Amino acid sequence: MSTLTIAIGATSLSLLLVFVWMFSLSLRKKRMEEERLAREAAYRRAMEKARQQERQDRVFKAETGHVPTILYLAKEAERTKPNEALYWYHKGAELDNITSMYGIVRLSDKKREDLVLREQANYWRLCIAGAEGDVHAKFEAAKAQIFGQGVERNIPRGVAKIQEVAEEGNLEAILFMGDWSISPENPIPSPKQSTQWFEKAADKQSEEGMTKLGLNFLNGVGVEQDSQRACYWLERAAEKGNVEAMYFAGEAWRDVKPNGAAIAYIWLFMSAYMAMSPLNRHVMR
């Protein structure tokens, strides 16, 4: 065998070895790339699973009343998912969180054409004002809750809030509790409590409270019927110029013997005269 043949054979073998080595190297690189891609895919899946788990944990905390998490989810959704944000803000607002209340008002104002959202915003504005010390707003918000105006109807909670305001001495809340105690819409009416509330209003020199207390005594609502006490309270209110009380005082005295008819005539005449006076016609309009 010639030297040339040996050299050619050696060269061919070397080239074959180089080719095998390069092919092997290419396979190794491909395998490494596939492993890298697989690791990255596994990492992404793990991260996505972790994010989903984190989201589920946050939703669970929010649904169970954790206010900071509720606010986080609401703020996160506010820019791109306003309906979801409103859902979370409502959750927070129902837990008496003022930031959530402001969130509802802010998002509702962006949809002024939506009458439902507008009514909800008005309700939560009252709640905000009430939380900041406006007693009248607190009363109106509680009343809206009783009748389902701008908020889901919740009679027990609304009544409890109005009773709280009434017990603090607010006259309009006291009168409301007196009326509510005998309202057909009250699932658990209490005529006795009605009279007790109207007594509180009368003690505050309320003409309306005196009138309604007198009518309760006149009709035996929550107390034994007592014409004498009925006339007393109706006349107290009438003496303050209350036309309605004048009329009812007249009706109360009508059948009282021996001089009731004469007294009734005076009060009925006064009620008619006062009702027809220019000042009262203006007030009635």
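Keep in mind that this is a model prediction, so the values were computed, not measured. (Residues numbered from 1 in each chain as written. Predicted model: local features only at pLDDT ≥ 70, side-chain atom pairs only at ≥ 80, totals over all residues. Heavy atoms only, no water.)

**Q** Which parts of the structure should I look at to understand the overall build of the protein chain?
**A** From N to C terminus, the protein chain includes 14 helices and zero strands. Secondary structure of the protein chain in N-to-C order comes out as α-α-α-α-α-α-α-α-α-α-α-α-α-α. Taking 2.2 N^0.38 as the reference for a compact globule, 285 residues should give roughly 19 Å; the C-alpha atoms of the protein chain span a radius of gyration of 40 Å, well beyond that estimate. Along the first, second and third principal axes, the C-alpha atoms of the protein chain reach 160 × 40 × 25 Å. Expressed as a percentage of the 285 residues in the protein chain, the buried residues total 33%. In the protein chain, the share of contacts with a sequence separation of at least 24, taken over all contacts with a separation of at least 6, comes to 39%. Summed over all atoms, the accessible surface of the protein chain reaches about 18,200 Å², with 58% contributed by carbon and sulfur. The averaged location of the 38 negative side-chain charges in the protein chain is 11 Å from the averaged location of its 39 positive side-chain charges. (Helix = DSSP H or I, 4+ residues; strand = E, 2+ residues; numbered from the N terminus. Rg over C-alpha atoms; globule rule 2.2 N^0.38 Å. Buried < 20%, exposed > 50% of the residue type's maximum accessible area, 1.4 Å probe, protein only. Contact = heavy atoms within 4.5 Å. Areas by Shrake-Rupley, 256 points an atom, 1.4 Å probe, with all protein chains shown as cover. Lys, Arg positive; Asp, Glu negative; His and termini not counted. Charge placed at Lys NZ, Arg CZ, Asp CG, Glu CD.)

**Q** What am I meant to see in the packing of aromatic side chains here?
**A** This structure, assessed with the given rule, holds nine aromatic pairs. Seen in terms of ring centroids, Phe147 and Trp180 are 6.3 Å apart; in terms of plane orientation they differ by 85°. Their pairing is edge-to-face. Separated by 33 residues along the polypeptide, Phe147 in helix H6 (residues 135-147) and Trp180 in helix H8 (residues 171-180) bring together distant segments of the chain. Taken together, a centroid distance of 6.3 Å and an interplanar angle of 20° make the contact between Tyr265 and Phe269 stacked. Of the two residues, Tyr265 and Phe269 are both situated in helix H13 (residues 260-276); the distance of four residues between them amounts to about one turn of the helix. Pairwise contacts between aromatic rings join Phe139, Phe147, Phe176 and Trp180 into one cluster. A cation over a ring is seen here: Lys200 above Trp197, with NZ or CZ 5.9 Å from the ring centre. (Phe/Tyr/Trp six-rings, centres within 6.5 Å; stacked < 30°, edge-to-face > 60°. Lys NZ or Arg CZ within 6 Å of the ring centre and 35° of its normal.)

**Q** Just to check I follow, could you spell out helix H11 (residues 227-239) for this structure?
**A** The α-helix winds at 3.6 residues per turn, so residues separated by three or four positions along the chain end up facing the same way. The terminal C-alpha atoms of H11, which comprises 13 residues, lie 18 Å apart, in line with the 18 Å expected from a rise of 1.5 Å per residue. Restricting attention to buried positions, one finds in H11 the residues Ala230, Cys231, Trp233, Leu234, Glu235, Ala237 and Ala238. Its side-chain oxygen placed 3.1 Å from the backbone nitrogen of Gln228, Asp226 serves as the N-cap of H11. (Expected span 1.5 Å × (residues − 1). Polar contact = N/O pair within 3.5 Å; in protein donor to acceptor, adjacent residues only side chain to side chain.)

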